[in-house]
Every structure is written in C-alpha cells, then in structure tokens.
Amino acid sequence: MMPSKKGAAGPAAEPDEAASAAPDAGAAPAEEKSKNRRYRRDKPWDDETIDHWKVDAYTEEDAKGNYLVEETSFSTLFPKYREQYLREWWPHVTRLLQKYKIECTLDLIEGSMTVVTTRKTWDPYSIVKARDLIKLLARSVPFHQAQRIMEDEMACDIIKIGSTVRNKERFVKRRQRLLGPNNATLKAIELLTGCYIVVQGNTVSAMGKHKGLKQARRIVMDCMNNIHPVYNIKSLMIKRELEKNPEMKNENWERFLPKFKRQNVKQKKPKIKKKDYTPFPPEQQPSKVDLQIESGEYFLKEAERQEQDRQARAAKQAENSAKRTDQRAKAFVPPKENLGKKKSKEKADKGAAAGAGAAGIDLEALKKKLKERAPKAAGDAAGSSEYVMRPKRKAVKE
C-alpha cells in the first residue's frame, strides 16, 4: 500500500519549516509587511535604473525567418482635394513601405488607399503602422511628417470633433480658438505635449508619444466643450517646472495647479414692450395675390410679366451704371486754383486809387514828379562827399 502524500511530505517538511520559523539569534526582527505586499517576493534582477517603458527596436534579424502566414489588409478613403498631392507623393510612400515588405495601392477611381502584408513581411506590427500612415495622409498630414509614424515610439490619434457642437457658427469659433492668432495656441500645445497636430475639417490629427497624445486629446475636447486652451496650457507649464525639481517627486501637485471655475455670465434679456390689450383681432394683411390684383399685375400674361420685370431690372442697372460713371469721372475733375494773392493785390491798388481820388490827389502827376527828383538827389549825395574829412595815412618808414 502506497503511503499518502500527506504522510510522505510531513516528516520531510517539518524540519524546514522549523528552521525557517526559528529566527537567528543575532538577526534583527523582520519588518512587518503591509497586507498588500506580504506575498510579494524580492526581485534581485529588477532595479530602479531599468526603464520598463522603453520599447526595444525590432529588426529583421530578431524575426529569424518567422514570417506571417495569413494576409492582412487595411483600406481607407480620402477626399477629392487630396488626390493630386497623393499622386505626387505615392512613389515615396511605396519606397517607405518596401523596407517592411508591405504592398500599397492607390485607387484614384474609388478614392481609396490600401496596404497589404506579403509573405516576406517580417514585422507583424508594421501593418498597423502602415494603416495609421494612410489615415494620416487622408487627413491632410504632409508625408514628411506622416512617415515618422513608422518609428517604434510614435503613435497617432485622430480626434473627431464634428459631433461635439451642434451650432455650426459656434463650432467654427471654438475650432479657431484651438488654432489661436497666427496659430500661436496650436504651436504652444505642440511644444508642451511634444506632438504634431493638424486641425482639418471635423477632425484633429495628433502624432507623438502616448503621454503627449493623452494630453493633446484632453486639451482638444475641453476646447470644444467651451474651456479655453490657455487654462490647460498654463497647467502643463506648471507641471513641467515641477518635474524639474526632484524634491517634488512624491508631493501632491494639486496646490500648485490653478483652479478655474466656470462663471455663468448672465445675458441681458431684451425688454419686451407690452402691447395694449384689444379684444379685436389685428387687421388682416393683404396677401401677395391681393397686391398683384391691386397693381394690375395679376391680369397680365406670363410673357408680359416677364417683360415688365426685365424692363425694371434694365432701368435699375442703367441707374447704377450712371452713378458709377459719375463717381469715376470725379477723379478727372481738376482742382480749383488758388488766386487769392493776385486778387488781394488788385484790390489794394484799386483801394489806393479810390482813396487818392477822394482826397483830390492826382497820382500820375505825383509819380512823374518823384521820377524827376530822383537824379538830383543822386547828385546831391555825390557832391556832399567833398565836405567829409578823411583820415590821413601815415608814411611808412623804409
């Protein structure tokens, strides 16, 4: 008869249990572990210096000839305005995917892009990256930026914002608020999140690391829910400064982050004037047919009515063209000349003549008399120089 497992294991296990239960004489008492960590064992191979989030590069040598068995394909549609750009850059897309042994097709008739794995595809996740590549190209992301999605640490997120706001005008304003003046707000979001962001139509395409994509999605959705992006940008800037300080590693950051409360701004309601109450209903307004009967247009034939409308339009056009012609002709009208100085001089001469005539003075005789006396005065001036004493010059000694 075979011994039971309990009996066989009992004697052998007792000494080990006793040895483990009995503490060493010189050893310090073991620290009591918390209930959550009491069943956890030490991992000597694990260290704080190890980055658990690091993604090791996967090369063709790591595949070791283990290729895919089944074929996987993804397809996406693109708008008509992207057709010309995709046709120009499709050779570059083909050359990029050829490194991963993935085939791609551009169908201009159907307006679609397709990526398919082949028997030589060595990276199983590359087909998912290729799917994201054609999605980004369809959403107006340029190729030189979209090709970065094939890197291991890069990911993408296409945020749908079309159904967040019903009113179209409000939707356009909030989407413009996300861009900011001269795209300044969008550039600030890109710098803080480390993502490349494109706002196009009803979607926002973001490309970067997972942490940055999460932050970018929250900012975009808050903006469409009427929370200004500046508030989230300010919070991200404060967090970035706190990350630089090692002392704040295990602290709660809530006291440093700004708290923004929503303020319901009361809108002024328009004052409605109360109308005087009258028991009688308002007078019925004449209909369009009544007005036509009153003017006699109702009894005209269709051709006559059209001719009347045409003549009214022609008269209105002629009136407008005449106004435009007059307005253009104003530019060719010369400005009025300034004749103020000449007129003032003529007025002064006339005034002087009138004043002399009133005093009984003959101006012409007076002018002749002054002309005759002019040379005599010159002669007197020349003769007077003889009576002026001049200083004598001293003789220079040799």
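The rules behind each value
- Going along each chain's sequence as written, the residues are numbered from 1 onward.
- Two thresholds apply to this predicted model, a pLDDT of at least 70 for residue-level local features and 80 or more for giving and counting side-chain atom pairs, whereas whole-chain, interface and lining totals are computed over all residues.
- Calculation of side-chain values draws on the structure's entire complement of heavy atoms; hydrogens and water are dropped beforehand.
- The patches reported here contain residues having more than 30% relative accessible area and no salt bridge. Joining distances are 9 Å for like charges and 5 Å for nonpolar side chains (Val, Leu, Ile, Met, Phe, Trp, Tyr).
- Method for areas: the Shrake-Rupley scheme with a 1.4 Å probe, in which residue coverage is limited to the protein chains shown.
- Any Lys or Arg side-chain nitrogen located within 4 Å of an Asp or Glu carboxyl oxygen qualifies as a salt bridge.
- The sign given to each residue is positive for Lys and Arg and negative for Asp and Glu; His and the chain ends receive no count.
- To locate a charge, take NZ of a lysine, CZ of an arginine, CG of an aspartate or CD of a glutamate.
- Segments assigned H or I by DSSP are reported as helices when at least four residues long, segments assigned E as strands when at least two residues long, and all are numbered from the N terminus.
- The span one expects for a helix is its residue count, reduced by one, times 1.5 Å.
- Whether a residue is buried, partly exposed or exposed follows from its accessible area with a 1.4 Å probe, protein chains only, as a fraction of its type maximum: under 20%, in between, or over 50%, in that order.
- Any two strands with at least two DSSP-identified bridges between them are counted as paired.
- For this analysis, residues touch if any pair of their heavy atoms sits within 4.5 Å.
- Think of pLDDT as the predictor's per-residue confidence, scored from 0 to 100.

**Quick word on a negative patch on the surface**
Part 1 of the argument: Together, D56, E60, E61 and D62 line one region of the surface with negative charge.
Part 2 of the argument: Along the polypeptide, E60 turns up in helix 2 (residues 60-63).

**Things to note about helix 4 (residues 126-138)**
Part 1 of the argument: Taking 1.5 Å per residue, 13 residues should reach 18 Å; helix 4 reaches 19 Å between its end C-alpha atoms and fits that length.
Part 2 of the argument: Where burial is concerned, most of helix 4 is hidden: eleven out of the 13 residues are buried.
Part 3 of the argument: Just downstream of helix 4 lies S140, where phi reads positive at about 70°.

**Some thoughts on the pattern of salt bridges**
Part 1 of the argument: Under the definition given, this model contains twelve salt bridges.
Part 2 of the argument: A salt bridge links R305 to E297, with the nearest nitrogen and oxygen atoms 4.0 Å apart.
Part 3 of the argument: In this structure, the salt-bridge partner of R305 is E302, at a minimum N-O distance of 2.9 Å. Separated by three residues within a single helix, R305 and E302 lie in helix 11 (residues 302-329), roughly one turn from each other.
Part 4 of the argument: Exposure remark for R305: the relative accessible area of 17% places this residue in the buried category.

**A few points about the pairing of strand 6 (residues 203-208)**
Part 1 of the argument: Counting buried positions along strand 6 gives six out of six residues, so the element sits mostly inside the fold.
Part 2 of the argument: As paired elements, strand 4 (residues 155-160) and strand 6 share six bridges and run antiparallel to each other. From the neighbouring strand, D157 faces strand 6, where its bridge partner is A206.
Part 3 of the argument: Where strand 5 (residues 196-200) meets strand 6, five bridges bridge the pair, whose relative direction is antiparallel. Residue pairing across strands places I197 opposite A206, the latter belonging to strand 6.
Part 4 of the argument: Turn length for the strand 5-strand 6 hairpin, with the two strands adjacent in sequence and antiparallel, is two residues, and the turn residue G201 shows positive phi of about 65°.

**Comments concerning a nonpolar patch on the surface**
Part 1 of the argument: On the surface, V289, I293, Y298 and F299 cluster together to form a nonpolar patch covering roughly 400 Å² of accessible area.
Part 2 of the argument: Residue class for Y298 comes out partly exposed when judged on its relative accessible area of 41%.

**Some words on helix 8 (residues 210-224)**
Structural remark: α-helix, 3.6 residues per turn; residues separated by three or four positions point the same way.
Part 1 of the argument: With 15 residues, helix 8 ought to run about 21 Å at 1.5 Å a step, and its terminal C-alpha atoms sit 21 Å apart, in line with that.
Part 2 of the argument: Taken together, the buried positions of helix 8 are occupied by G212, L213, Q215, A216, I219, V220, D222, C223 and M224.
Part 3 of the argument: Where helix 8 is buried, its residues meet strand 4, helix 6 (168-179), helix 7 (184-193), strand 5, strand 6 and helix 9 (229-244).

**A short note on the confidence of the model for the chain**
Part 1 of the argument: Per-residue confidence for the chain gives a mean pLDDT of 82, with 79% of residues at or over 70.
Part 2 of the argument: Note that pLDDT drops below 50 for residues 1-30; the model gives that stretch zero contacts with residues more than four away or on any other chain.
Part 3 of the argument: Predicted confidence is poor over residues 377-382, with pLDDT under 50, and the contacts of this stretch with residues over four places away or in other chains come to zero contacts.

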